[in-house]
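Structural characterization, general
Each chain, letter by letter, is given below.
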Amino acid sequence: MTIGFAELPVPVGGDSPTIPADIAELASALDPHLVQHAADQADRDAQYSVAPAQTLVIAADGTTWIKTSSVSNTWATVHTPLQAWQSTFTPATGLEEGITDVGLRLVDGVHVYIKGRLQRTDGQNLQDANAVNLGAVPSNLKPTELRTWAGTCSMAGTTTLATGRLELLDDATVSAYGDPGDLLWWYQGVDGTPWVDITGDYWLD
């Protein structure tokens, strides 16, 4: 007979006395319902690539995955611990971090947060008739589609606009102002601005 939602096999009185086989059958039925453990993603793939769908694996740092396929090594990330800010943004030539450090943080494998200010190294205003290339995110944080968000800026000097457009290029977007992974700044304020705050967030997928 079987019991529970997992239909675990339990021998009954009339069954023949095959206790080792009965225990092995019960262990095999229990195994897919247990929380499995791995050191990291590479260890997960090495140990559980052929595991059945719905296998749950937790890494040493708390990252948690659930397998979504019984025929391929495909996983969904259920949880990732909050990362420290990464100092992996590369400012364009002639630019540097401002009063707030630039950093990136990846959450749950698909959601990127970015923070910080950028300014020119010569102390002049950021301005261009078209787009200013601010720099690039690392290749692993490049989105699959064009991403845009509003970026605030200094209102020192003659400008009256406190916000511009930030545009993060993906592989499918062709631009005269940058390459995939580059962050562009579009601004129509008079005479430009001393700094731009690139704080925002975007999805990788």
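An account of the accompanying structure is given in this report. (Residues numbered from 1 in each chain as written. Predicted model: local features only at pLDDT ≥ 70, side-chain atom pairs only at ≥ 80, totals over all residues. Heavy atoms only, no water.)

The secondary structure content of the protein chain amounts to two helices and 17 strands. The C-alpha atoms of the protein chain give 26 Å as radius of gyration, which overshoots the globular expectation for 205 residues (17 Å, by more than 25%). For the protein chain, the spread of C-alpha atoms along the three principal axes comes to 90 × 30 × 25 Å. Once local pairs closer than 6 in sequence are excluded, the contacts in the protein chain between residues at least 24 apart make up 47%. Split by element, the accessible area of the protein chain, about 11,500 Å² in all, is 55% carbon and sulfur. Charge centroids of the protein chain, computed over 9 positive and 25 negative side chains, lie 8 Å from each other. (Helix = DSSP H or I, 4+ residues; strand = E, 2+ residues; numbered from the N terminus. Rg over C-alpha atoms; globule rule 2.2 N^0.38 Å. Contact = heavy atoms within 4.5 Å. Areas by Shrake-Rupley, 256 points an atom, 1.4 Å probe, with all protein chains shown as cover. Lys, Arg positive; Asp, Glu negative; His and termini not counted. Charge placed at Lys NZ, Arg CZ, Asp CG, Glu CD.)

With that settled, consider the sheet that holds strand E6 (residues 75–79). As summarised here, the arrangement of the four strands in space is E3-E4-E5-E6, forming an open sheet in which the pairing is mixed. Pairing within the sheet leaves two strands with one partner each, and these edge strands are strand E3 (35–38) and E6. Pairs of neighbouring strands in the sheet enclose a mean axial angle of 30 degrees, with direction left out of account. For strand E5 (residues 64–67) and E6, the ladder comprises four bridges, and the chain directions are antiparallel. (Pairing = 2+ DSSP bridges. Axes fitted to C-alpha atoms, helices over the stretch in contact; angles between N-to-C directions.)

Even without a glycine there, the phi angle at Gln-54 is positive, about 80 degrees. Summarising the element assignment, Gln-54 is placed in the loop between helix H2 (41–48) and strand E4 (56–59). Although it is not a glycine, Asp-108 adopts a positive phi angle of roughly 55 degrees. For Asp-108, the position within the fold is in the loop between strand E9 (103–107) and strand E10 (111–115).

Attention now goes to the pattern of salt bridges. Tallied over the full model, the rule gives six salt bridges. The salt bridge involving Arg-44 is made with Asp-45; its shortest N-O contact spans 2.7 Å. Taking the relative accessible area as the measure of exposure, Arg-44 reaches 5% and is therefore buried. You can call Asp-45 partly exposed: its relative accessible area is 23%. For the salt bridge of Arg-165 with Glu-167, the shortest nitrogen-to-oxygen distance reads 2.7 Å. (Salt bridge = Lys/Arg side-chain N within 4 Å of Asp/Glu carboxyl O. Buried < 20%, exposed > 50% of the residue type's maximum accessible area, 1.4 Å probe, protein only.)

With that out of the way, let us pick up the side chain of Arg-147. Here Arg-147 shows up in strand E13 (residues 147–152). Note on Arg-147: relative accessible area 15%, which makes it buried. Those residues in contact with Arg-147, other than ones at most four positions away along the chain, are Leu-166, Glu-167, Leu-168, Tyr-202, Trp-203, Leu-204 and Asp-205.

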